[in-house]
Structures are given as C-alpha cells and as structure tokens.
Amino acid sequence: MRLFTKIFLLGMLVFGLAFSASGYFLLHYSLESSLARETDFALKQYQYDKFTVQSAMLTTTAITVSVNYENEPEPDSLPVFTVRQSFPEGAYQLEDYPAGDLFSALASELSVPAAFFAEDHSLLYSNIQGMDTSFLDGLTENAHTWQFCSSGEGGSILVGSMLRLENISSAQDGTVSDNTPAAGQFLYFVTQWDISKTLLQQETLRQYFLRCYLIGMAAGMALLILLSAFLTGPLNKMSKAARRMAEGNYGDRLSLRGRDEIGELAGSFNRMADAVEEKIDELATAARAKEDFVANFAHELKTPLTSIIGYADTIYQKELSREETRRASWHIWNEGMRLEALSLKLMDMIVLGRQDFLLTELPGDELLQDLKEGLLPLFQQRQVEFQLQAEQAYVLADYDLLKTLLINVTDNSIKAGATQIELQGQINEEKKYLISVRDNGCGMEPEELSRITEAFYMVDKARSRKQHGAGLGLALADKIAVIHGDRLHFESGKGEGTVVSFSLSIPEQQLMTDGGGL
C-alpha cells in the first residue's frame, strides 16, 4: 500500500471516529439535558394539578362510593359516587354522579391529560392514551413517581402518586347515613406531560448533525487528499531523483526548501548526492590514475627494454669492435639501472599503501644534519651549494621514511638544475615543525603543480629519463608526508625555483615543558 493511501485512510479513520464520538456525546448530552428539563417541568405541573384536584375535592363534605357486592357488576360498569355538598344554612343535598362524570369534571380543570384510578387499580377516568396500569404499582402517597412513555407520535412523561381523600366513604349496601364517618380511601392520580416537541427537536438536531457529518467527511476527504499529496509530493520527487541517480545522473538535486522534516530530508538527500558525486569523481579519477599508471608503467618498461634488447641483439648478431661493445654494454647497464630504480620505487609505493608505521620521537635538527652529511658527496659531485638551518626540536617521525622523503625532494631539485639548495627546519605558529627545501632550479608552471605528485608524471620527460627518472620520486615523497599527517606543499614559478614544504608533529610533552612558547 502506498504512503498516500495510508495517510488518506488513516486520516479518514481518525477524522470519522473523532467526529462520530463528538457528535454522539453532544447529542446524548443535549437529549439528557432536554429530558431533565422536561421532567422538572412535568413534576412542577403535576404538583400544581395535584393541588387543584385536592382543592376541588375539599369543596364537598362527603363522597360515598356506593358499590353493590351482592350482585355481579356489569361489564365496564363504573361505581356510582354519592356527593353530599354543604350549604351555608347547614342543610345538605345528596346527588349521585357516575365516576366518569365526576372525574371528567376534575380533569377539565387541568391543563394536561390526567387519569384517576381506584385503590384496586380500577379505572375511574382517563384521557391518557395507551397508559399501562403497571405504572400504578410503583406509586406512593409521599412521593411523586415519573416514567418516560414512548408512542408512535412521540413521547410523554407520566407522573403520579396516591391521594388520600378524608371525605370519601364507602357503602357496601348502597345506602348513605347522615353520620357515616369518612373512611379515608386512596385514589391514584396520574398526569401526562407531552415531550413530543422535545423529541422532535432532538430528531431534527440528529438529522442536522448527520448532514453536517456527511459534509464534514466530504470536506475532510478533500482536505486529506490535498494533505496527503502535499506530504507525499516531496517524497515522490526524492524517489524519482534517487532513481535518476541510480541510472547514473549524479548531478540531479532537489529544490525543496523548508524547516520541517521534509526540508531537512531534502537537504540530507542533496548532501548525500554531493557526497556520492564526489565519491564517483574520486573513483573515476582513481580509475583514470590507475589506467595512466599502467600505461605509463608499460611505457617506462618498454623504453629501457627496447634499448636493452636492441643492444643485446646487436652484440649477439654482429662482430663489434671493443669500443662499440663497451658502448652497447654501457647502454644496457644504464637502462638496467633505470629498471632497478623503477622497481624499487614501485615496491616502496606498494608497501606504503599497505602498512601502518609507528612514529617515534626523533631530534629534528640531528635528522636534517644526518641528511646533509649523507648527500654531501652528491652535492660536491654536482657542484651544488647546500645550506642547512634547523631549530632544535623533537618530532614524531619514522627515520627511514623521512630520510627517503628528503632524499627524493633534494634529488628532484638537483634534477631540476638547481645550483643552490637550502634546507630549513623551524617551529611555525601552529606549533609544528616545518621542513622546507628551497632551490633555484628551473621551476614549474602553476598549472603543473596540481599534478606533480602523480605517479609517472614528469614535467620534462626527456631530462627525467636522461637522469634515470620515472616520475615516482615526488609521488613516493607525498605518500610519506601523508603518513606523517601532512601533504607536500609546492611554491614555484617558471625560472624562479621551487619551494617544497611539509610539517611534522611535535610531542605534547615538549610543548608543555616549553610552555607553548617554542
């Protein structure tokens, strides 16, 4: 599954669940609040209606329920109430009212539907539709009981309690006496509070929320599509750039900018691409260098071997004079010496490329003095004026390698036609021992300095071959300088001579002893 699809589906899931949960709790809270408010209204209305009923009942002095138990009651028949009403003169009047008429008159005084039940749960009067008489089982005299009742058209709240009417008495034989005491019977009084409007409002609110939910989900879907495209767009660009880089286009870069993770990732990708391109260039340069090395090595071998084979064949095939034989032998010896020097330097370069060397503390001034004494016969033979200036200091170096480096550099100066060579050793501002070789030779062009340490590179090939050179001396010297933690640095100009320098580390103990002020 693609990242775009994952972000979209996960976002829709989270958005839908959050919207649904918030809507559910909102609707639930709204319904609970509305029902609690309607219940409070229903209880208050019931309290008022109950007071109205009780006040109406108090206007009579006696109500006698006449029930004949000797005869079976007719179906759906209601008991007859005999109402005795008092007058100011003290007289009284007896009137018989059917229960329906009496409680219908009481119910007409109320603003809500009501129902009256006898103590045995028999119906006296009711204008409440679909009421379940099981509601009467939970009614008491001292508390108001309420219950939600739903119907096809809506819903309502039933509120009821038991009423004790002290002026109600019963006569089993159907007769009433003037001094009949009140029996204190109970009546069940129930009212119905309509909550259809409230439920309709809740249904309207639910429908409105459903529409808002669908609109919100559609808007969220569009927003998530844009967001997913915005987030995955840069990643798609990176993926395409990576594929192009895999195909060999190492110069491709991303133009994404930003301070977020995507921008940082794009910056990291560009830096990685720079590093890859740089590494590829290095590998390509190394490959070209190896090709040049092999080609130059083959050429360097071919030239002396051609001379050796040619002169040897001449000696073998022809009758030569003593002088001609000596001349041919000299050429064979000369080219053989060149091959020997070439093989030794190649071996040194191979060894330097494979081994690590342990650097020890050596006195730098004594090392340079030893080099002067070793090369003095050569300087005298070539009539070279040599000067040495060396400060006393201990350096970290390998004696044999460092001597090989200095011999190759001074030998290169002699081959360049120098008549004056100056060797200096001094402590520079970076607290390192700087060694420099200055000559007054032919010098080099600035563009040649970048390649002077390449194997087999020769500024003047004719002069180098004449002096048994193969272009390996400075390459070998530069590798030795790298082992000592530096590179060879060149300053030269055509006809102005050359300065070759490199630095050696000074032990920390000596710097601490001298207080850093060497």
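These lines cover the structure that appears in this document, whether it is placed above or below. Sequence positions are assigned chain by chain, starting from 1 and proceeding in written order. For this predicted model, a pLDDT threshold of at least 70 governs which residues receive local features, and a threshold of 80 or more governs which side-chain atom pairs are given and counted, while totals over whole chains, interfaces and linings are taken from all residues. Hydrogens and water are ignored here; the side-chain numbers use all heavy atoms of the structure.

A short note on the overall build of the chain
Then, in step 1: Per the convention used, a helix needs a DSSP run of H or I reaching at least four residues, while a strand needs a run of E reaching at least two, with both numbered from the N terminus. A tally of helices and strands in the chain yields 10 helices and 16 strands.
Then, in step 2: Classification of the 518 residues of the chain by burial places 35% in the buried group.
Then, in step 3: Long-range contacts, defined as pairs at least 24 residues apart, comprise 65% of the intrachain contacts of the chain with a sequence gap of at least 6.
Then, in step 4: Accessible area for the chain stands at about 31,400 Å²; split by element, carbon and sulfur atoms hold 55% of it. Throughout, exposure labels follow a simple rule: accessible area from a 1.4 Å probe, protein chains only, divided by the maximum for the residue type, with under 20% read as buried, over 50% as exposed, and the rest as partly exposed. Any two residues whose heavy atoms approach within 4.5 Å are treated as being in contact. With residues, only the protein chains shown are counted as cover, and all accessible areas are computed by Shrake-Rupley using a 1.4 Å probe.

Some details on the side chain of glutamine 424
Then, in step 1: Looking at the secondary structure, you find glutamine 424 in strand E13 (residues 420–427).
Then, in step 2: The exposure class of glutamine 424 is buried, given its relative accessible area of 19%.
Then, in step 3: Pairs of N or O atoms within 3.5 Å make up the polar contacts considered here, provided that, within protein, one atom can donate a hydrogen while the other can accept it, and that residues adjacent in sequence are counted only when both atoms are side-chain atoms. A polar atom in the side chain of glutamine 424 sits 2.5 Å from the side chain of glutamate 422.
Then, in step 4: Residue contacts for glutamine 424: discarding those within four places in its chain leaves Leu368, Gln389, Leu434, Ile435 and Ser436.

So, the side chain of glutamine 45
Then, in step 1: Mapping glutamine 45 onto the fold places it in helix H1 (residues 3–57).
Then, in step 2: Reaching out from glutamine 45, the side chain makes a polar contact with the side chain of serine 111 at a distance of 2.8 Å.
Then, in step 3: The residues touching glutamine 45, leaving out its near neighbours within four places in the chain, are Ser111, Val112 and Trp193.

Considerations on the sheet that holds strand E11 (residues 385–390)
Then, in step 1: Pairing in this open sheet of five strands is mixed, and the strands run E11-E13-E14-E16-E15 from one edge to the other. In this open sheet, the two edge strands, each paired with only one partner strand, are E11 and strand E15 (489–492). Between one strand and the next, the sheet's axes are offset by a mean angle of 15°, whatever the strand orientation.
Then, in step 2: Helix H6 (residues 364–382) rests against E11, E13 and strand E14 (433–439) of the sheet, and its axis sits at about 175° to E11. Pairing between strands is defined by DSSP: at least two bridges between the two strands are required. Fitting a line to C-alpha atoms yields each axis, with helices limited to the stretch in contact; the angle taken between N-to-C directions then spans 0 to 180 degrees.

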